[in-house]
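Structural features, examined
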Amino acid sequence: MKIASCTTGFAGIVASAAAMALSSSAMSALATVTQTSPYTSIADSTLFSASYLRPGVDYFLEDFEDGLMNTEGLLGPPGDSVVLGPSPTTDSVEPGGSSLSGNTGSISLIFDGMALGGYPTKAGFVFTDSGTLAGANLTITVLDANGFSAGIFNYSVGDGLDDGGTAEDRFFAIELAEGISTVLLNVAGPTIEIDDVQYANPVPALRPLSDLNADGLGDLLVRTPTGLDAWLLDGNGVVSSPNVLTGMSSGWKVVGVGDLDGDFDGDVIWRNAGTQQVAVWIMNNAAIESAVVLSSISSPWDVVGVGDLDGNGKADILWWNKTSGAVAAWLMNGSTIDSTAVVATGILGSQYLLQGVADLDRDGTADVVLRKLATSEIRYWKIVNTAINSEGSILTGVGSAWAVQTLGDLDADGDADIVWRNTSTGAVAFWLLENFAITTSAAHPSLINTAWKIVGATDANGDGKADVIWHRASTGQAAIWFMDGAA
């Protein structure tokens, strides 16, 4: 394996695995919680006040001012809470505004990992009131990406005045490198109010793409406030400056990339968080050839994968209904939906989590990798003409700390392989697959700082083997592991 000196225009480069490594003794699976006061606006946030951080791109903010809890990726309102409208006793950050109240003294903040593409590593909220209970004990329980406890924290809060005053308001910042799935809040009293729930966007600003300019090398996309910067790889790193692509506001999120029209240029799939519209950019030589809005799809449906599901050489879009568990496909012909198909009903989400879409048996059709929730078994669906032709087990008993990061053909045998990450230790491992079976299993010798995230795999040097792309959001650094099988 070779490490690229890869400058992507963010904040610098990384040239060695040592720069990414961190000893296991320095890591912890516990969250950190800090509190600050006063808090009057997002400018007082210790997480997201920096001017370069963009709402809707780098982080999300739910302030309840529309009377609803409807910001992307935040489930609710949960049954233990209700949004309070303006009133003399409503304690909101915004004067005369709204807040979220736990009418039994409890509030659950649950993050939708499927909708967000992962779990936030940073989240926060403003405690605003505990009714007439002064010095109430606030218990904050943090659950990690696997649903396990990452710490229980207790604080004394509240001034005993149920008058909408802001003197007691304080901001709580939660950080957990492994990802935060849920924050549970409880006070020993009848009510609790919070406001300005905020959390990092776990979908990386940096995305690998199969190929933007049909030169046989994978390329990189970087989200900007108005669109994307396209960084073209030259086999050793990236070119000196990006192609600047504009036309999408911060409300739009990249939900997939793939060659939708079979011209060997990767295309971009977008979704608007507010309107739920789906749009595509059809690319030609790293430029936008056409931009088309396809349709609006109701929020229970999320894009969960992109791959050629019917073997015609054009990528298709795989959808999951997070309410019913159904899985469906859009069969694409460029910017046109040729047809739709139901792949499975009532399965994904209730029994399985989808881990990736890629060709696992070199038949030219993308297959599906899943994780069975009850047993952590890794399974596959062999797809033929958008239907499940067969299914089976790849391996049982995978540890809960290990998470699939990406799929890619690491050894150029035509079968996609699996890249794993231990979310607690930072360890990286590889499964080389052939016809749905593991032929080689290997671990990288170094533990990698969990601040570094694997964002995908693409052939960055034209040798036919997928390479692993890394990104460190806090510094803007990017790195490439040039792969030769599991080495």
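Residues numbered from 1 in each chain as written. Predicted model: local features only at pLDDT ≥ 70, side-chain atom pairs only at ≥ 80, totals over all residues. Heavy atoms only, no water.

**A word on the overall build of the protein**
Defined as follows: Only runs of H or I of at least four residues qualify as helices and only runs of E of at least two qualify as strands under DSSP, and these elements are numbered from the N terminus. Exposure is judged per residue with a 1.4 Å probe applied to protein chains only, and the accessible area is read against the type maximum: over 50% gives exposed, under 20% gives buried, and values in between give partly exposed. The contact rule is simple, with two residues in contact once any of their heavy atoms fall within 4.5 Å.
Secondary structure assignment for the protein yields 2 helices and 36 strands. Sorting the 487 residues of the protein into buried and exposed places 54% on the buried side. Excluding contacts between residues fewer than 6 apart, the proportion of contacts in the protein whose partners are at least 24 apart in sequence is 54%.

**Some thoughts on the pairing of strand β16 (residues 227-231)**
Note on strand geometry: in a regular strand, side chains alternate between the two faces of the sheet. Cut-off, in case you're wondering: Pairing between strands requires that DSSP locate at least two bridges from one strand to the other.
The element β16 is extensively covered by neighbouring structure, given that 5 of its 5 residues are classed as buried. Of the strand pairs in this sheet, strand β15 (residues 219-224) and β16 are connected by 5 bridges, and their pairing is antiparallel. Within the sheet, the bridge partner assigned to Leu221 lies in β16 and is Ala230. Counted between consecutive antiparallel strands, the loop separating β15 from β16 contains 2 residues. Pairing analysis gives 4 bridges linking β16 to strand β17 (residues 243-246), with the strands arranged antiparallel. Considered in β17, the bridge of Asp229 is made with Val244.

**Focus on the sheet that holds strand β18 (residues 252-258)**
The test is simple: Note on method: axes are straight lines fitted to C-alpha atoms, helices fitted across the in-contact stretch only, with angles between N-to-C directions ranging 0 to 180 degrees.
In space, the 4 strands of this open sheet follow the order β18-β19-β20-β21, with antiparallel pairing throughout. Each of the sheet's edge strands pairs with one partner strand only, and the pair in question is β18 and β21 (287-296). Taken pair by pair, the neighbouring strands of this sheet meet at an average axis angle of 25°, ignoring direction. Both strand β19 (residues 267-272) and strand β20 (residues 277-284) contribute to a ladder of 4 bridges, which runs antiparallel. Residue pairing across strands places Ile269 opposite Val280, the latter belonging to β20.

**Examining the environment of Pro86**
By secondary structure assignment, the location of Pro86 is in the loop between β5 (82-84) and β6 (99-102). Considering only alpha carbons, one finds Pro86 and Ser98, 12 residues apart in sequence, at a separation of 5.3 Å. When sequence neighbours within four positions are dropped, the list of residues in contact with Pro86 reads Gly96, Gly97 and Ser98.

**Side note on the pattern of salt bridges**
Note the threshold: Should a side-chain nitrogen of Lys or Arg be within 4 Å of a carboxyl oxygen of Asp or Glu, the pair is scored as a salt bridge.
Evaluation of the coordinates by the stated rule reveals 10 salt bridges. One salt bridge in this structure joins Arg271 and Asp302, with 3.4 Å as the shortest N-O distance. Of this pair, Arg271 sits in strand β19 while Asp302 sits in strand β22 (residues 301-307), and the two are 31 residues apart along the sequence. Residues Arg271 and Asp302 agree in their burial class; the two are buried.

**Concerning the confidence of the model for the protein**
Definition in use: pLDDT measures the predictor's confidence residue by residue and takes values from 0 up to 100.
Scored by pLDDT, the protein has a mean of 84; 89% of the residues are at 70 or more. Note that pLDDT drops below 50 for residues 2-19; the model gives that stretch 52 contacts with residues more than four away or on any other chain. Residue range residues 22-28 is modelled with pLDDT below 50. Its contacts to residues more than four positions away, or to other chains, number 13 contacts.

**Things to note about the sheet that holds strand β33 (residues 437-443)**
The strand order across the open sheet formed by 4 strands is β30-β31-β32-β33, and the pairing between neighbours is antiparallel. The open sheet is flanked by β30 (402-408) and β33, the only strands paired with a single partner. Strand-to-strand, the axes of this sheet are offset by a mean angle of 25°, without reference to chain direction.

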